[in-house]
Amino acid sequence: MSASSAATPATGYLTPTRQVRIADLRAKKATGDKWAMLTAYDYSTARALSQGGVECLLVGDSAANVVFGYSQTQQISLDEMIYLAAAVVRGAGNALVIADLPFGTYEASDEQAVLSASEMMRRSGAAMVKIEGGVRIVPRIRALVAAGIPVCAHIGFTPQSVNALSGFKVQGRGDAADRLLADIHAVADAGADMVVLEMVPAEVAARATAEVEISTVGIGAGPDTDAQVLVWHDIAAFPADGHRPKFAKQWAQVGADLTAAAASYRREVAEGTFPAQEHCF
Ligand code: KIV
């Protein structure tokens, strides 16, 4: 291997590798190769995360909180999600893009789910939609799959049901483990290609992963799922004073760096040292 190829990342936006497909992720389950998903909500961040080799980008409805500043996930609309997803797709490079269908856009009927998902895919170019629920959303998954729309299910703690679940609580503990296992089998049998397991005891997630053929993507679900997902703000400590969940680790301090950059810029403008000669025409 030459020195220059050793410095080239194996995957990512800059290398001419082909688009990540659902079949590639399925193959990774068979070989036991783990893969990574991060949320993204805009073009530039999607580019940066894809350049890091992350296989999958999720346009999560966590955008409600981290992009729009709403107090609840349920407040974001389908239109708002579609604009963000379209921008992510434009910057995603080789990464597979999944988009959340927001609260209120798929629960009423199979027809509503297919119309919302088609609108999302047509206008954004996302490759898959994510919907929350297990046994209770089986008819929706079947309807979407029948319409040719790949589905990622989301079970365990489901943020769109935060009120019904009485807050942010670990799901699937004790006797509830059987319910979680029933949920994962139900979404797999209905035709979902992937399932997010959120805030689930590690041993329950490990058992669920071993029992189904579809890829499991953990968030607060221990190390034994097929893949991991995190909100990018949580891996980058952005903003610096944001709340960080117990299951997230910070690999960068983007919030603190950005605040320091803004302070330096403001100071140099006030002092008259910016712009300098080299910034002038
Ligand atoms: O909306 C979101 O970001 C999500 C992830 C936390 C899995 O659903």
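Quick notes on the rules
Here, residues in each chain are numbered from 1, in the same order as that chain's written sequence. Residues qualify for local features only when their pLDDT is at least 70, as the model is predicted, and side-chain atom pairs are given and counted only at 80 or more; totals for whole chains, interfaces and linings, by contrast, use all residues. Hydrogens are left out, water is left out, and the side-chain values use all remaining heavy atoms of the structure. UniProt positions are given in the numbering used here, feature names are shortened, and annotations may be inferred rather than shown by experiment. Strands here are runs of E lasting at least two residues and helices are runs of H or I lasting at least four, both read from the DSSP assignment and numbered beginning at the N terminus. Whether a residue is buried, partly exposed or exposed follows from its accessible area with a 1.4 Å probe, protein chains only, as a fraction of its type maximum: under 20%, in between, or over 50%, in that order. Every residue pair with non-hydrogen atoms within 4.5 Å of one another is taken to be in contact. Contacts described as polar in this section are N or O atom pairs within 3.5 Å, which, within protein, must combine one atom able to donate a hydrogen with one able to accept it, while residues neighboring in sequence count only if both atoms come from side chains. By convention in these notes, a residue is near a molecule or strand provided one of its non-hydrogen atoms lies within 4 Å of it. All accessible areas in this document rest on Shrake-Rupley with a 1.4 Å probe, and a residue is counted as covered only by the protein chains that are shown. Charged means Asp, Glu, Lys or Arg here, nonpolar means Ala, Val, Leu, Ile, Met, Phe, Trp, Tyr, Cys or Pro, and polar covers whatever is left, Gly included. Angles shown run from 0 to 180 degrees and are taken between the N-to-C directions of axes, each axis being a line fitted to C-alpha atoms and, for helices, limited to the stretch in contact. Two helices that cross are described as forming a left-handed crossing if the nearer one is turned anticlockwise from the farther one by less than a right angle, and a right-handed crossing if clockwise. For the purposes of this section, nonpolar cores are sets of buried Ala, Val, Leu, Ile, Met, Phe, Trp, Tyr and Cys residues that join through side-chain atoms within 4.5 Å. Pairing between two strands is assigned when DSSP locates at least 2 bridges connecting them.

Novice: Quick question: what am I supposed to make of the UniProt feature "active site" (unreviewed entry) in the protein chain here?
Specialist: The sites that carry the UniProt feature "active site" (unreviewed entry) are, in the present numbering, Glu 198. Within the fold, Glu 198 resides in strand β6 (residues 194-198). Overall, the relative accessible area of 10% leaves Glu 198 in the buried class. For Glu 198, the residues in contact, after removing those within four places along its chain, are His 154, Ile 155, Gly 156, Phe 157, Pro 159 and Ile 219. For Glu 198, the side chain forms a polar contact with the side chain of His 154, separated by 2.9 Å.

Novice: Any chance you could explain the side chain of Ser 124 here in plain terms?
Specialist: Position of Ser 124 relative to the elements: it lies in helix α6 (residues 110-124). Engagement of the side chain of Ser 124 in a polar contact is seen with the backbone oxygen of Met 120, the distance being 2.6 Å. Here Ala 126 takes part through its backbone nitrogen, which lies 3.0 Å from a polar atom of the side chain of Ser 124. Those residues within four positions of Ser 124 in sequence are excluded, and the remaining contacts are Ile 82, Ala 85, Ala 86 and Val 89.

Novice: How do you make sense of the site of the ligand when you look at a structure like this?
Specialist: In the vicinity of the ligand, the residues found are Thr 39, Leu 58, Gly 60, Asp 61, Ser 62, Asp 100, Lys 130, His 154, Ile 219 and Val 231. With respect to the ligand, the side chain of Asp 61 contributes an N or O atom lying 3.1 Å from an oxygen atom. Lys 130 is positioned with one of its side-chain polar atoms (N or O) 2.8 Å from an oxygen atom of the ligand. In the complex, the protein chains occlude 95% of the 250 Å² of accessible area that the ligand would expose alone. Across the shell around the ligand, the residue classes tally to three nonpolar, four polar and three charged.

Novice: It is not clear to me how the UniProt feature "binding site: 3-methyl-2-oxobutanoate" (unreviewed entry) in the protein chain should be interpreted in this structure. Could you clarify?
Specialist: Mapped onto this numbering, the UniProt entry gives "binding site: 3-methyl-2-oxobutanoate" (unreviewed entry) at Asp 61, Ser 62, Asp 100 and Lys 130. These annotated residues cover 70 residues of sequence, but their C-alpha atoms sit close together, with the largest distance between any two at 12.5 Å. With respect to the helices and strands, the residue Asp 61 is situated in the loop between β2 (56-59) and α4 (63-66). Ignoring sequence-local partners within four residues, the contact set of Asp 61 consists of Thr 73, Ile 76, Met 81, Asp 100, Pro 102, Glu 132 and Gln 160. Counting through the fold element by element, Asp 100 comes out in strand β3 (residues 96-100). Separated by 2.7 Å, the side chain of Asp 100 and the backbone nitrogen of Asp 61 make a polar contact.

Novice: Help me out: how do you make sense of the packing of helix α5 (residues 78-91) against α6 in this one?
Specialist: If you want to describe how two helices pack, look at the angle between their axes and the distance between the axes. The interhelical angle for the contact between α5 and α6, taken along N-to-C directions, is 35°, at an axis separation of 8 Å. Relative to α6, α5 is oriented so that their crossing is right-handed. On α6, the residues that touch Leu 78, Asp 79, Met 81, Ile 82, Tyr 83, Ala 85, Ala 86 and Val 89 of α5 are Ser 116, Glu 119, Met 120, Arg 123 and Ser 124. Of the residues in the contact of α5 with α6, the class split is eight nonpolar, two polar and three charged.

Novice: When you look at the nonpolar core in this model, what are you seeing that I'm missing?
Specialist: The nonpolar side chains of a soluble globular protein tend to be buried with one another. In terms of nonpolar packing, the biggest core is built from 79 residues, with Met 37, Leu 57, Ile 98, Met 120, Ile 141, Met 194 and Leu 197 touching the most fellow members. The element that contributes the greatest number of residues to this core is helix α8 (residues 176-190), accounting for eight residues. Beyond its immediate chain neighbours, meaning those up to four positions away, Ile 98 contacts Met 37, Cys 56, Leu 57, Leu 58, Val 59, Met 128, Val 129, Lys 130, Cys 152 and Met 194.

Novice: In this structure, what is going on with the sheet that holds strand β1 (residues 35-39)? I would like to understand it.
Specialist: Strands in a sheet are paired, the pairing made by backbone hydrogen bonds, and the direction either parallel or antiparallel. With parallel pairing, the eight strands of this closed barrel are ordered in space as β1-β2-β3-β4-β5-β6-β7-β8. Sheet twist, expressed as the mean angle between neighbouring strand axes with direction ignored, is 25°. Bridge count for strand β4 (residues 128-132) against strand β5 (residues 151-156) is four bridges, and the pairing is parallel. From the neighbouring strand, Lys 130 faces β5, where its bridge partner is Cys 152. Across the sheet, helix α2 (residues 22-31) lies against β1, β2, β3, β4, β6 and β7 (215-219), angled at about 85° from β7, the strand it touches most. Running at roughly 145° to β4, α6 makes contact with β3 and β4 of the sheet.

Novice: Looking at this structure, how should I read the side chain of Thr 209?
Specialist: Here Thr 209 is to be found in helix α9 (residues 202-211). A relative accessible area of 7% means that Thr 209 is categorised as buried. Within the local environment of Thr 209, its side chain forms a polar contact with the side chain of Thr 216, the two groups lying 2.7 Å apart. Beyond its immediate chain neighbours, meaning those up to four positions away, Thr 209 contacts Lys 29, Thr 216, Asp 224, Thr 225 and Asp 226.

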